[in-house]
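Below are the chains, spelled out letter by letter.
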Amino acid sequence: MKDYGVFINGEWSDFGLDKIEVTNPATNEVVATVPKGGAAEAAKAADAAYEAFTDWAARSVYERAELIWKWHRLIDDNKEELAKIMTEEQGKPFKEALGEMTYANGFLSWFAEEGKRVYGETIPASVSNKRLFVTKQPVGVVAVITPWNFPAAMITRKVAPALAVGCTVVIKPANLTPITALKMAELAEEAGIPKGVINVVTGKSPEIGETWLQDARVRKLTFTGSTEVGKTLMRGSADTVKKISLELGGHAPAIVLEDADLNKAVDGIISSKFRNAGQTCVCSNRIFVHEAIQDAFIEKLVAKVKELKVGNGLEDGVDIGPLIDQNAVDKVQKQIDEALNSGAKLEAGGKAIDGLFLEPTVLSNIDDSMLCMKEETFGPLAPIASFKTDEEAIQRANDSIFGLAAYVFTENITKGIQFTEALEFGIVGLNDGLPSVPQAPFGGFKQSGLGREGGHQGIEEFLEVKYISLGL
Ligand SMILES: NC(=O)C1=CN([C@@H]2O[C@H](COP(=O)(O)OP(=O)(O)OC[C@H]3O[C@@H](n4cnc5c(N)ncnc54)[C@H](O)[C@@H]3O)[C@@H](O)[C@H]2O)C=CC1
Ligand SMILES: O=C(O)[C@H](O)CS(=O)(=O)O
């Protein structure tokens, strides 16, 4: 068990603060402690990031990219250790944690190079004695607030583009899973990223957040987490008119059309639904299956679900680890029990095993009035509802305040494209349950967020556009 400090202006310190214990959700053992920081530490971090900004922004994008690549190589060299830390603090199986480290590192390599493609433009002037130019400049100090479900990727998906264009960052990782962020900051320091460019504060989230919201030097807030907290931060950003990016909740529909390849659909939905024990914002949470193939689909799905191994993520062959805490288990169990009490049929699983482990669960005979079809699940529950017509499936899939990810399974490509165009979601997997990659834009419609992360779009979130008019 290790006591960590926070990382501010190139210094590691606990500032004599009280500690927050970080526990392993699989064993309930304390694996580390971090400082319970607050407004003072948040202000120190903002001071450091503001102080470091001028020099960091003045460097060439190639110099910044070289340091980001060094950081990338160190993360790659240490990915097994980082993955083990992630499994111990978040619970996901080691193989998934290792996959997340590769995914997270993919944002560093992608944006180290995307920074070199931030182009300006010239505009034809309406008079002969003027020249008009457009350039792009880094927005400044960026506040980064991240969730517990992807402790590495949600950090690098924001920090990589920010650093590439010359911004500096103050980071508040989730207190449930802060160690991965702190370890990555250690490697950034080792890579030679200058002091003050990256700062990591742990502790009293509302107090830390409010300090950065009220600090006019913080010009951008990028947040990943619940829609509720996202709205709080969006309101607070208005006080200093900050640029803001929000990656919020999701409640993805997965639609299996009558002509779908059932093996492809089952594999895609299992990948999407049970990744991270169902604790991702893009999990298939509402599964709509055409009535003509529902029985065959359920039979195949249940057979595969019953093969999934639940256990400590450090054990070989484990597919599903624990949920993050008791609240998470209670929330999913409530959705299961409410559905069963409302007429749903239990096809597999259905209950907590022990501690924070929950059986991968399949329910059928689901209707849209049930809680599991309206409230984000964030757990290993697959509710199956049948439909008759394409129009009905699209209407029901779109009937949500969320619009992050959706999935369609069909072998008719024309129909598949028509579905992707009709679905009100920022990400659509067509015969694909795992669409997320660093080179593609990730983000949602409606109350799933604002802005995009990844892709070439993701770098624009950290840039200001400047128009220069030159009189000759
Ligand atoms: N759209 C996306 O890409 C993602 C969305 N999520 C959503 O986030 C939720 C699960 O993650 P959680 O960490 O529990 O979400 P959360 O919203 O409770 O916390 C997210 C982060 O915000 C911090 N925070 C909480 N209240 C705050 C405040 N008042 N001021 C400043 N910071 C505050 C937390 O400490 C944490 O670091 C789910 O709803 C999930 O759908 C999670 C991951 C990705
Ligand atoms: O936080 C999440 O759920 C992630 O954004 C999902 S993904 O990027 O790993 O697909």
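Within any chain, residue numbers begin from 1 and follow the written order of that chain's sequence. The lettering of chains begins at A and the numbering of ligands begins at 1, in the order of writing. Local features in this predicted model are restricted to residues of pLDDT 70 or higher, and side-chain atom pairs are both shown and tallied only at a pLDDT of 80 or more, whereas totals for entire chains, interfaces and linings draw on every residue. No hydrogens and no water enter the side-chain calculation; it runs on all heavy atoms of the structure.

Draft legend 1. Just the layout of surface pockets, in detail. Cavities and pockets are found on a 1 Å grid laid over the protein atoms alone: a cavity is a set of points where a 1.4 Å probe fits but cannot escape, a pocket is an open set with protein on both sides within 12 Å along at least five of seven lines, and a lining residue has an atom within 4 Å of such a point. Grid points are joined across faces, edges and corners, and a volume is the space filled by probe spheres set on the points. Considered as a void within the structure, the largest pocket measures approximately 1100 Å³ in volume. Lining the largest pocket we find 47 residues, and of these P147, W148, G225, S226 and V229 sit closest to its centre. Think of it this way: any DSSP run of H or I at least four residues long counts as a helix, any run of E at least two long counts as a strand, and we number them from the N terminus. Ranked by residue count, the leading element in the lining of the largest pocket is helix 7 (residues 205–213), at 5 residues. Each residue is assigned to one class: nonpolar for Ala, Val, Leu, Ile, Met, Phe, Trp, Tyr, Cys and Pro, charged for Asp, Glu, Lys and Arg, and polar for all the others, Gly among them. Tallied by class, the residues present in the lining of the largest pocket amount to 21 nonpolar, 15 polar and 11 charged.

Draft legend 2. Fine view of the site of ligand 1. The nearness test applies per residue and asks whether one of its heavy atoms lies within 4 Å of the molecule or strand. Within the structure, ligand 1 sits among 26 residues, and T146, K172, S226, L248 and E376 are positioned closest to it. Side-chain atoms alone can form a polar contact between residues adjacent in sequence; in general such a contact is a pair of N or O atoms within 3.5 Å, and within protein one must be able to donate a hydrogen while the other accepts it. Residue W148 places a side-chain N or O atom 2.8 Å away from an oxygen atom belonging to ligand 1. S226 has a polar side-chain atom sitting 2.6 Å from an oxygen atom of ligand 1. With the chains in place, 85% of the 840 Å² that ligand 1 exposes on its own is no longer accessible. Any molecule with more than half of its atoms within 2 Å of a cavity's or pocket's grid points is regarded as sitting in that cavity or pocket. With respect to the pocket detection grid, ligand 1 is positioned in the largest pocket. Those elements that place two or more of their residues in the shell around ligand 1 are helix 7, strand 11 (218–224) and helix 8 (227–237). Broken down by element, the shell around ligand 1 gets its largest block of residues, 3 residues, from helix 7. Split by residue class, the shell around ligand 1 holds 14 nonpolar, 8 polar and 4 charged. The domain limits used here are those given by an automatic or database domain assignment. If you count residues domain by domain, the shell around ligand 1 takes at least three from each of domain 1 (2–248 + 448–471) and domain 2 (252–430). Computed with the Shrake-Rupley method and a 1.4 Å probe, the accessible areas treat only the protein chains shown as cover for residues.

Draft legend 3. Region of the structure containing the UniProt feature "active site" (unreviewed entry) in the protein. Under the UniProt annotation, the feature "active site" (unreviewed entry) is placed at E247 and C281. A maximum C-alpha distance of 8.9 Å places the annotated residues, which cover 35 residues in sequence, within one compact spot. The annotated residues contributing to the lining of the largest pocket are E247 and C281. Locating E247 in the fold gives a position in strand 12 (residues 243–247). UniProt positions are given in the numbering used here, feature names are shortened, and annotations may be inferred rather than shown by experiment.

Draft legend 4. Region of interest: the site of ligand 2. In the neighbourhood of ligand 2, the contacting residues comprise Y103, N149, F150, M154, R157, R275, T280, C281, V282, S436 and F442. Alone, ligand 2 offers 290 Å² of accessible surface; in the complex the protein occludes 99% of this. Comparing atom positions with the cavity grids shows ligand 2 to sit within the largest pocket. Split into classes, the residues belonging to the shell around ligand 2 amount to 6 nonpolar, 3 polar and 2 charged. Counting contributing residues, the shell around ligand 2 receives three or more from each of domain 1 (2–248 + 448–471) and domain 2 (252–430).

Draft legend 5. Spotlight on the packing of helix 2 (residues 61–77) against helix 5 (residues 153–165). Axis definition: a line fit to C-alpha positions, over the contact stretch in the case of helices; interaxial angles, taken between N-to-C directions, run 0 to 180 degrees. The interhelical angle for the contact between helix 2 and helix 5, taken along N-to-C directions, is 150°, at an axis separation of 8 Å. Seen from helix 2, the contacting residues are V61, R64, I68 and W71; seen from helix 5, they are V159, A160, L163, A164 and V165. Of the residues belonging to the contact of helix 2 with helix 5, the class tally is 8 nonpolar, no polar and 1 charged. In what follows, a contact means two residues having at least one pair of non-hydrogen atoms within 4.5 Å.

Draft legend 6. Fine view of the UniProt feature "domain: Aldehyde dehydrogenase" (unreviewed entry) in the protein. When the UniProt feature table is mapped onto this chain numbering, "domain: Aldehyde dehydrogenase" (unreviewed entry) sits at residues 18–468. Along residues 18–468 one finds 40% helix and 21% strand; the C-alpha atoms at either end are 51 Å apart.

Draft legend 7. Seen up close, the sheet that holds strand 13 (residues 252–256). Pairing within the open sheet is mixed, and its 7 strands lie in the order 15-16-17-14-13-19-20. Two strands lie at the open edges of the sheet, namely strand 15 (345–348) and strand 20 (427–430), each paired on one side alone. Across the sheet, the mean angle separating the axes of adjacent strands is 20° when strand polarity is ignored. Note on pairing: two strands pair once DSSP finds at least 2 bridges between them. Alignment of strand 16 (residues 361–364) against strand 17 (residues 381–387), held across 3 bridges, turns out to be parallel. Among the inter-strand pairings, T361 is bridged to a residue of strand 17, identified as L381. Each of strand 13, strand 14 (284–290), strand 16, strand 17 and strand 19 (405–409) touches helix 9 (residues 262–274); the most contacted strand, strand 19, lies at about 165° to it. Lying over the sheet, helix 12 (residues 390–398) contacts strand 13, strand 14 and strand 17, oriented at roughly 140° with respect to strand 17.

Draft legend 8. Inspection of the environment of I85 at higher detail. Within the secondary structure, I85 sits in helix 3 (residues 79–90). Once the C-alpha coordinates of I85 and A97 are considered, the two residues, 12 residues apart in sequence, prove to be 8.9 Å apart. Residues in contact with I85, not counting those within four places in the same chain, are I179, T180 and K183.

Draft legend 9. Just the pairing of strand 12, in detail. Of all 5 residues that make up strand 12, 4 are buried, and the element is covered over most of its length. By convention, orient the strands away from the viewer: a clockwise path from the first strand over the helix to the second makes the crossover right-handed. One crossover worth recording links strand 11 to the parallel strand 12 by way of helix 8, and it is right-handed. Summarising the sheet, strand 12 and strand 22 (residues 449–450) pair through 2 bridges and their orientation is antiparallel. Bridge pairing in strand 22 places E247 opposite G449. Only protein chains enter the calculation, and the probe is 1.4 Å; a residue is then buried if its accessible area is under 20% of its type maximum, exposed if over 50%, and partly exposed in between.

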